[in-house]
Amino acid sequence: MIDQVRSALIVAPHPDDEAIGAFGLMRLLKRRGARVRVVVVTDGAGSHPNSATWPRDRLVARRRRETRAVLAGIGIAAGDVRFLGLPDGGLATAADHAHRAIARALAQARRYDLLVMPAQDDDHPDHRVVATGAAACPVARRLDYLVWPNRQARARSPTHYLRLGPVAAAKRGAILRYASQFGMIDDDPGGFTISRAELAAFAHPLERYREVPR
C-alpha cells in the first residue's frame, strides 16, 4: 500500500480525525522515513459550544495542542501541521467557501505521493464536505478513511487493510490524549463525549482504506 510513498498529506475534518482515521498509517510512514504533513480543516469548537469555562478561543487552542502533542508522539513536527480554522459543524452550509479554502491549502499537494482523506460516504456532513473538496486535489494516489459509518458506508469494500498489532494500544492511548473529547469539559450538558463503544471502534486493530479514483 505504501511501499513507494516518500511524502504523504493527511486531511482531517476535525482535530482528532487524523488519529482516528490514520494513526497507524502515519506512524508507519514516519518509521519508513516518509514526510507526513497534516491539514486539519475545522477549528473543533463545535464539540462544546455552550461551555462557560471553555469559550471558543480557549477550546480551539486546547484542541490544537492536543493534536500537536499526539502527532509529535509519532514524529510529526508542529511545522508539518496546519489548521485552517473553518467553523466546526458549519461546513455544509458554506460548502463552496470550504472547498475554496481546502483547495488553497492543498494547492501544492501535487508534490506528494499520497493523499489520505475522509470518505465521501461518512455520516458526518463536515467529513463529506472535506472529502469533496480534497477529491479535487491533483495527487495521483488517494486513499480514504471512514470515521462515522452510515448504512451505506457499512457495505463499503475497503481495498487496503493495515493490521496494527501492538500499535493498536498506542493508537488507543493517542486518541485518549484528546482529553477535551473525553469528559474533561463538564459544564456543557449537550457537549460531545466519545463513548466507550466509539473509542473501541476508533481504536480497532485494523485500519481500513479505499482507493479513491481520480
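Residues numbered from 1 in each chain as written. Predicted model: local features only at pLDDT ≥ 70, side-chain atom pairs only at ≥ 80, totals over all residues. Heavy atoms only, no water.

J.: I tried to follow the layout of surface pockets on my own but got confused; where do I start?
T.: Leftover empty space is mapped by rolling, across the atoms, a probe with the size of a water molecule. Considering only enclosed or pocket space, the second largest pocket measures out at about 240 Å³ in volume. What lines the second largest pocket is a set of 15 residues, among which His14, Asp88, His124, Gln181 and Phe192 lie closest to the centre. Among the residues making up the lining of the second largest pocket, the classes are represented as five nonpolar, six polar and four charged. (1 Å grid on protein atoms, 1.4 Å probe; cavity = no way out; pocket = protein on both sides within 12 Å on 5 of 7 lines; lining within 4 Å. Points joined across faces, edges and corners; volume = space filled by probe spheres on them. Nonpolar A, V, L, I, M, F, W, Y, C, P; charged D, E, K, R; others polar.)

J.: Explain unusual backbone geometry here, please?
T.: Negative phi characterises most residues that are not glycine, and trans characterises most peptide bonds. Positive phi, close to 130°, is recorded for Asp16, a residue that is not glycine. With respect to the secondary-structure elements, Asp16 resides in the loop between strand E1 (7-12) and helix H1 (17-31). On the basis of relative accessibility, which here comes to 7%, the residue Asp16 falls in the buried class. (Helix = DSSP H or I, 4+ residues; strand = E, 2+ residues; numbered from the N terminus. Buried < 20%, exposed > 50% of the residue type's maximum accessible area, 1.4 Å probe, protein only.)

J.: Just checking my understanding: could you explain the nonpolar core for this structure?
T.: The nonpolar side chains of a soluble globular protein tend to be buried with one another. The biggest cluster of nonpolar side chains holds 39 residues, and the ones touching the most others in it are Leu25, Met26, Leu29, Ile76, Val116 and Tyr209. Broken down by element, this core gets its largest block of residues, seven residues, from H1. Apart from the residues within four sequence positions on either side, Ile76 is in contact with Met26, Lys30, Val36, Val38, Leu71 and Val81. Membership of the second largest hydrophobic core comes to 21 residues, among which are Leu91, Ala98, Ala101 and Tyr112. (Core = buried A, V, L, I, M, F, W, Y, C linked by side-chain atoms within 4.5 Å. Contact = heavy atoms within 4.5 Å.)

J.: Looking at this structure, how should I read helix H2 (residues 56-72)?
T.: In an α-helix there are 3.6 residues to a turn, and that puts residues three or four apart on one side. The end-to-end C-alpha distance of H2, which contains 17 residues, comes to 24 Å, matching closely the 24 Å that a straight helix rising 1.5 Å per residue would cover. Along H2, the residues classified as buried are Leu59, Val60, Arg63, Glu66, Thr67, Val70 and Leu71. Summarising the axial view, the buried residues of H2 lie within an arc of 125°, below the 170-degree limit, and thus occupy one face. In H2, the exposed positions that point more than 90 degrees away from the buried face belong to Asp57 and Ala72. Taken together, the buried residues of H2 touch H1, strand E2 (35-42), strand E3 (81-86) and helix H5 (167-176). (Expected span 1.5 Å × (residues − 1). Arc of directions from axis to C-beta.)

J.: Would you mind going over the pattern of salt bridges with me for this structure?
T.: For side chains of opposite charge, pairing can occur when their charged atoms come near one another. On inspection of all chains with the given rule, the structure shows eleven salt bridges. Among the salt bridges present, the one from Arg63 reaches Asp16, with a minimum N-O distance of 3.4 Å. With Arg63 in helix H2 and Asp16 in the loop between E1 and H1, the pair connects residues that are 47 residues apart, well separated along the chain. You can call Arg63 buried: its relative accessible area is 3%. (Salt bridge = Lys/Arg side-chain N within 4 Å of Asp/Glu carboxyl O.)

J.: Just to check I follow, could you spell out the side chain of Asp122 for this structure?
T.: The topology assignment puts Asp122 in the loop between strand E4 (114-118) and helix H4 (125-135). For the buried Asp122, which has no salt bridge, the nearest side chain bearing the opposite charge is Arg128, at an N-O separation of 6.0 Å. For Asp122, the side chain forms a polar contact with the main-chain nitrogen of His124, separated by 2.9 Å. Apart from the residues lying within four places of it in its own chain, the contact partners of Asp122 are His127, Arg128, Leu146, Val147, Trp148 and Asn150. (Lys, Arg positive; Asp, Glu negative; His and termini not counted. Polar contact = N/O pair within 3.5 Å; in protein donor to acceptor, adjacent residues only side chain to side chain.)

Honestly, it's all geometry; don't read function into it.
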